[in-house]
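# Coordinate analysis (summary)
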Amino acid sequence: MSDKIEITLEESDTKGRYSAVVDGHEAEMTYSRAGANTIIIDHTGVPDALRGRGVGQALVQRGVEDARAKGLKIVPLCPFAKAQIARHPEWQDVLNG
């Protein structure tokens with residue numbers, strides 16, 4: 001997707017949610033905190049209308065960038081997030097373990 005995808009982050013003490021609205025459709029990636037230094041990405045949801053447009057990848061990338069900036073590690077339980085991180089060696093420094 002060539003257009004810049006605007007991603008919003010909502011956080012609480014225990015959970016977080018990244019979302020992006022593109023062409024009226026909302027995609028999301030959620031995570032839970034596992035201690036002070038680790039987040040668990042547990043879900044990525046992209047509507048059929050947005051599939052193949054790079055929205056899910058953009059959500060995972062933003063999560064990786066934010067984790068890196070905050071000194072956090074990621075446990076990608078979500079199969080999509082796990083696959084995206086596996087495809088991008090430059091993101092693997094944030095993996096827990």
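Everything numeric here is computed off the predicted structure, so don't read it as measured data.

### With respect to helix α1 (residues 55–70)
With 16 residues, α1 ought to run about 22 Å at 1.5 Å a step, and its terminal C-alpha atoms sit 23 Å apart, in line with that. Contacts from the buried residues of α1 go to β1 (7–11), β2 (15–22), β3 (25–33), β5 (73–76) and α2 (79–87). Once α1 finishes, Gly 71 follows within two positions and takes phi at roughly 70 degrees, a positive value.

### Looking at the pairing of β5
What you see with β5 is a clean split: Ile 74 and Pro 76 sit on the buried side and Lys 73 and Val 75 on the side with no burial. Of the pairings in the sheet, the one linking strand β4 (residues 38–45) to β5 comprises four bridges and is parallel in character. Across the sheet, Ile 39 pairs through a bridge with Ile 74, a residue of β5. Handedness of the crossover joining β4 and β5 through α1: right-handed.

### Re the environment of Ala 49
By secondary structure assignment, the location of Ala 49 is in the loop between β4 and α1. For the pair formed by Ala 49 and Trp 91, sequence separation is 42 residues and the distance between their alpha carbons is 27 Å.

### Things to note about the sheet that holds β5
In space, the five strands of this open sheet follow the order β1-β2-β3-β4-β5, with mixed pairing throughout. Each edge of the sheet is formed by a strand with only one pairing partner; in this case those strands are β1 and β5. Strand-to-strand twist of the sheet, defined as the mean angle between neighbouring strand axes without regard to direction, takes the value 25 degrees. Relative to β2, α1 is tilted by about 140 degrees, and along the sheet it contacts β1, β2, β3 and β5.

### Considering the pattern of salt bridges
For the structure shown, the criterion picks out nine salt bridges. Close ionic contact of Asp 48 with Arg 51 constitutes a salt bridge, the shortest N to O distance being 2.7 Å. When sorted by exposure, Asp 48 lands in the same class as Arg 51, which is exposed. Connected through shared salt-bridge partners, Glu 10, Arg 17, Glu 26 and Glu 28 make up one network.

Definitions and cut-offs
Residue numbers here run from 1 along each chain, matching the order of that chain's written sequence. At least 70 in pLDDT is required for a residue's local features to be given in this predicted model, at least 80 for side-chain atom pairs to be given and counted, and no such filter applies to totals for whole chains, interfaces and linings, which use all residues. Side-chain measures were taken over the full set of non-hydrogen atoms in the model, leaving aside hydrogen atoms and water. Strands are runs of DSSP state E lasting at least two residues, helices are runs of H or I lasting at least four, and both sets are numbered from the N terminus onward. Expected helix span is computed as 1.5 Å times (number of residues minus one). Any two residues whose heavy atoms approach within 4.5 Å are treated as being in contact. Exposure is judged per residue with a 1.4 Å probe applied to protein chains only, and the accessible area is read against the type maximum: over 50% gives exposed, under 20% gives buried, and values in between give partly exposed. For two strands to count as paired, DSSP must find a minimum of two bridges between them. By convention, orient the strands away from the viewer: a clockwise path from the first strand over the helix to the second makes the crossover right-handed. Structural elements are reduced to axes, namely lines fitted to C-alpha atoms, with helices fitted over the stretch in contact, and the angle between N-to-C directions of any two is expressed from 0 to 180 degrees. Here, a salt bridge means any side-chain nitrogen of Lys or Arg that lies within 4 Å of a carboxyl oxygen of Asp or Glu.

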